[in-house]
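Tertiary structure, described
Here is what each chain is made of, one letter per residue.
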Amino acid sequence: MAKQPKRMQKWTGDIAATHGLEDAVKLVKANANAKFDETVEIAVNLGVDPRHADQQVRGVVALPSGTGRDVRVAVIAKDAKAEEAKAAGAEVVGAEDLVERIQGGFMDFDRVIATPDMMALVGRLGKVLGPRGLMPNPRVGTVTPNVGQAVKDAKGGSIEFRVEKAGIVHAGIGKASFTEEQLQANVKALVDALNKAKPSGAKGTYVKKVSLSSTMGPGFKIDVASLGV
């Protein structure tokens, strides 16, 4: 039998049991022993079938404790809106020139925001940005005339969520260095946003399973009732 890596030998806690939110957060933090500040990740299994148009789940949520990471924002805009984006702290701003750079392989950003008048240009990037989940979309606030606020939201802890083919939403909700209270607040904010985004076609139990883990640590199941849903 293969020997477990040392980091796995140090793991504590029952990964088969279901834990309350507070206990799950404590266990995740206790097992985040890497030499870097691990990201705390959540996986929420929803009772939806994303193959149906009326069972899509997508949105954006502002995490009260932030994400703990430096989000690099690219804005596709021109003239006054481009200046507004720069003033708000966007790392990359441009119009057709930026679209051409992205088509050429430039991907040094984590979020793309565009003004409505730029969508004819942005449409060219569907095959590049779509598979990465970066395509601007008005439903999640990344196509907006208010680019300054959108940039500030992205940098202040706003994250997008989208259900995957298996009906699961994955998201990073903070860092292992966050306090337990900060991580709990972020988990509750995301779950609350998922509830508000419940599609009309969802039947039966909506939030089925929830688990929490760190980048290099084990996953711990959370008792859905402890989330107030």
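This text gives an overview of the structure that appears in the document. Bear in mind the structure is a predicted one, so any value in this text is a computation, not a measurement. All chains use their own residue numbering, which begins from 1 and follows the written sequence. Two thresholds apply to this predicted model, a pLDDT of at least 70 for residue-level local features and 80 or more for giving and counting side-chain atom pairs, whereas whole-chain, interface and lining totals are computed over all residues. Processing note: side-chain calculations cover all non-hydrogen atoms of the structure and skip hydrogens and water entirely.

Buried, partly exposed and exposed residues are distinguished by accessible area as a fraction of the type maximum, computed with a 1.4 Å probe on protein chains only: under 20%, between the cut-offs, and over 50%, respectively. Under the scheme used here, helices are H or I runs from DSSP no shorter than 4 residues and strands are E runs no shorter than 2 residues, and both carry numbers assigned from the N terminus. Residues Leu21, Ala24, Val25, Leu27 and Val28 constitute the buried set of helix H2 (residues 21-30). Relative to the axis of H2, the buried residues are bounded by an arc of 165 degrees and lie together on one face. Its buried side turned inward, H2 meets strand E1 (18-19), strand E2 (39-46), helix H8 (180-196), strand E9 (207-214) and strand E10 (220-222). Of all possible arcs, the one meant is that of the directions from the helix axis to the C-beta atoms. Between two residues, a contact is recorded if the distance between any of their heavy atoms is within 4.5 Å.

On the basis of which strands lie adjacent, the open sheet formed by three strands has the order E5-E4-E6 and parallel pairing. Both outer strands of the open sheet, strand E5 (92-94) and strand E6 (111-114), are each paired with one neighbouring strand and no more. Sheet twist, expressed as the mean angle between neighbouring strand axes with direction ignored, is 15 degrees. In short, DSSP must find at least two bridges between two strands for them to pair. Where strand E4 (residues 73-76) meets E5, three bridges bridge the pair, whose relative direction is parallel. Bridging from a neighbouring strand, valine 75 pairs with valine 93 of E5. Angles here are taken between N-to-C directions and fall from 0 to 180 degrees, while the axes themselves are lines fitted to C-alpha atoms, restricted in helices to the stretch in contact. In this fold helix H4 (residues 96-103) packs onto E4 and E5, with an angle of close to 120 degrees to the strand it touches most, E5.

This part is about unusual backbone geometry. With phi around 55 degrees, aspartate 79 is a residue other than glycine that occupies positive phi space. Residue class for aspartate 79 comes out exposed when judged on its relative accessible area of 61%.

On to the pattern of salt bridges, then. Where charged atoms of side chains with opposite charge meet at close range, the side chains can pair. Criterion for a salt bridge: a side-chain nitrogen of Lys or Arg within 4 Å of a carboxyl oxygen of Asp or Glu. A complete count under the given rule lists eleven salt bridges for this structure. Put simply, arginine 69 and aspartate 110 hold a salt bridge, and the shortest N to O gap is 3.4 Å. Of this pair, arginine 69 sits in the loop between strand E3 (58-62) and E4 while aspartate 110 sits in the loop between H4 and E6, placing them 41 residues apart in sequence. The exposure class assigned to arginine 69 is partly exposed, which follows from its relative accessible area of 45%. Each member of the salt-bridge network shares a partner with another, and the members are Arg69, Arg72, Asp108 and Asp110.

What the five strands build is an open sheet, ordered E1-E10-E9-E2-E8; its pairing is mixed. Each edge of the open sheet carries a strand with a single partner, namely E1 and strand E8 (168-175). By the bridge criterion, six bridges tie E2 to E8 in an arrangement that is antiparallel. Bridged to isoleucine 42 within E8 is alanine 171. This element, H8, spans E2, E8 and E9 of the sheet and lies at about 150 degrees to E8.

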